[in-house]
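Listed below, chain by chain, are the residues.
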Amino acid sequence: MYKKIKNNVDWVGFIDTELRQFHGSDFSTHEGSTYNSYLIREQKTVLIDTVYRPYSDLFVRNLEHEIDLNSIDAVVVNHGEVDHSGALVALMEKIPDVPIYCTAKGVDSLQGQYHKEWNYHVVKTGDTLDVGNGKQLVFVEMTMLHWPDSMATYLTEDNILFSNDAFGQHYASNSLFNDNCDQCALEYEALKYYANILTPFNVLVKRKLEQIIKLDLPIDIIAPSHGVIWRDDPLQIVKRYSRWCDDYQENQITIVYDTMWEGTRMLADTIAAGISAVDKDVTVKVFNIAKTDKTDMITEIFRSKMVLVGSPTVGNDMLSSVAGFLHFFKEMKMKKKKAAAFGCYGWTGEAPAKISSFLEKCGCGIISEPLRSKWNPAQKALEETSAWARQLLTY
Ligand code: FEO
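Right, let's walk through the structure included here. Keep in mind the model is a prediction, meaning the values are calculated, not measured.

A few points about the packing of aromatic side chains
No. 1: By the definition in use, this model includes 16 aromatic pairs.
No. 2: With a centroid separation of 6.1 Å and 40 degrees between ring planes, the pair formed by Y114 and W118 is classed as tilted. No difference in accessibility class separates Y114 from W118, as the two residues are buried.
No. 3: With 5.7 Å between their ring centres and 55 degrees between their planes, Y194 and W244 make a pair best called tilted. Of this pair, Y194 sits in helix α5 (residues 183-198) while W244 is found in helix α7 (residues 235-244), placing the two residues 50 residues apart along the sequence. Comparing Y194 with W244, the two get one shared label, buried.

This is the structure we're talking about:
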């Protein structure tokens, strides 16, 4: 099933409505995803990216139904990760000599994964490929957005930026365009994608956005490799990225915890109530780490100005669920989040201090001594907890 994007450019990808996990099991995709591939038919025929490996045969069959594969003059591989390059093996068996345009790191990635000596053409930022009819493809390296090999490709005259992972979302919409889908879901999925995939590279995102803006290219469409295509006010997603890469936060506090016998849960709920009682404007969200998807929690912490993390003490340490989540959080390299730790204990009570110390390593600003509460909290302990929560708002 092909869809026209503009003039002689068609979408030739795959809409994966069933996908619920991505990057193995690391990223939840509640709304599915798409693998967007694009076919440009000017005097030259050029294919941009392919689809995830399980859909190789379908992808090649669909292409063969639409065009003579031997009419393809070039394949552009914006990024070697298998969700975009997976169908290359099946395709290149049919057209083994067709040049593949990619970055030097792209060659490394493709050779490393597929062990094939294809006809690679290495490109750098500013290199072009003439596709005829007065149009050119211009290549722009997008190093670390989000892999070292990533690049974007710009089609002149039609003013389409094929941005690959950047500006994408794991959002399967059959309409394929941003003006024809659920705007709340789109906003959330774009934010979740940024929070979990691009946050570690905030500084590079900022630099790359400045570089792209300086090029002053007219952009009518931003066509990423996942999710919907930005054709209505395409620069809206660029503006969002400008905000998100700048240590983004909203007036939100997120509390995450795990609990053994409900004591730490009581602390979490009391902290949330204590904050809300004093500050009517702040959004407070509470999640049990063991019962909540980790990429959803990262998304909420990304939006937050403060994160509070709780665990009871077991084996002189925090619960493994909390340790695992904190490790994931550290990978995100978020900056300028205020943080504090809390937890119940029966005997030794090391967990809150260990959490606090780890949060510091995550790049958070610790704003309070950890809150420790011995055994299950009674009324006096809950009042102290509420007071601890209220004083957090003074920082
Ligand atoms: Fe969508 Fe980095 O692959």
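Considerations on a positive patch on the surface
No. 1: Where like charges cluster on the molecular surface, the positive patch consists of K330, K333, K335 and K361.
No. 2: Note on placement: K333 falls in the loop between α10 (320-331) and β20 (338-345).

What to know about unusual backbone geometry
No. 1: Omega for the bond connecting L145 with H146 falls within 30 degrees of zero, at 10 degrees, which places this linkage in the cis form.
No. 2: With respect to the secondary-structure elements, H146 resides in the loop between β13 (135-141) and β14 (151-155).
No. 3: For H23, which is not glycine, the phi dihedral falls at a positive 50 degrees.
No. 4: A positive phi is found at K336, a non-glycine position, where the angle reads about 65 degrees.
No. 5: Relative to the helices and strands, K336 resides in the loop between α10 and β20.
No. 6: A relative accessible area of 61% places K336 in the exposed class.

A look at the pairing of strand β22 (residues 371-374)
No. 1: The alternating pattern of β22 places L371 and S373 on a buried face and R372 and K374 on a face that is not buried.
No. 2: Inspection of the sheet shows β20 paired to β22 by four bridges, in the parallel sense. If you follow Y345 over to β22, its bridge partner there is K374.

Rules of the game
- Residues numbered from 1 in each chain as written.
- Predicted model: local features only at pLDDT ≥ 70, side-chain atom pairs only at ≥ 80, totals over all residues.
- Heavy atoms only, no water.
- Phe/Tyr/Trp six-rings, centres within 6.5 Å; stacked < 30°, edge-to-face > 60°.
- Buried < 20%, exposed > 50% of the residue type's maximum accessible area, 1.4 Å probe, protein only.
- Helix = DSSP H or I, 4+ residues; strand = E, 2+ residues; numbered from the N terminus.
- Patch = residues over 30% accessible without salt bridge, like charges linked within 9 Å, V, L, I, M, F, W, Y side chains within 5 Å.
- Areas by Shrake-Rupley, 256 points an atom, 1.4 Å probe, with all protein chains shown as cover.
- Salt bridge = Lys/Arg side-chain N within 4 Å of Asp/Glu carboxyl O.
- Lys, Arg positive; Asp, Glu negative; His and termini not counted.
- Charge placed at Lys NZ, Arg CZ, Asp CG, Glu CD.
- Pairing = 2+ DSSP bridges.

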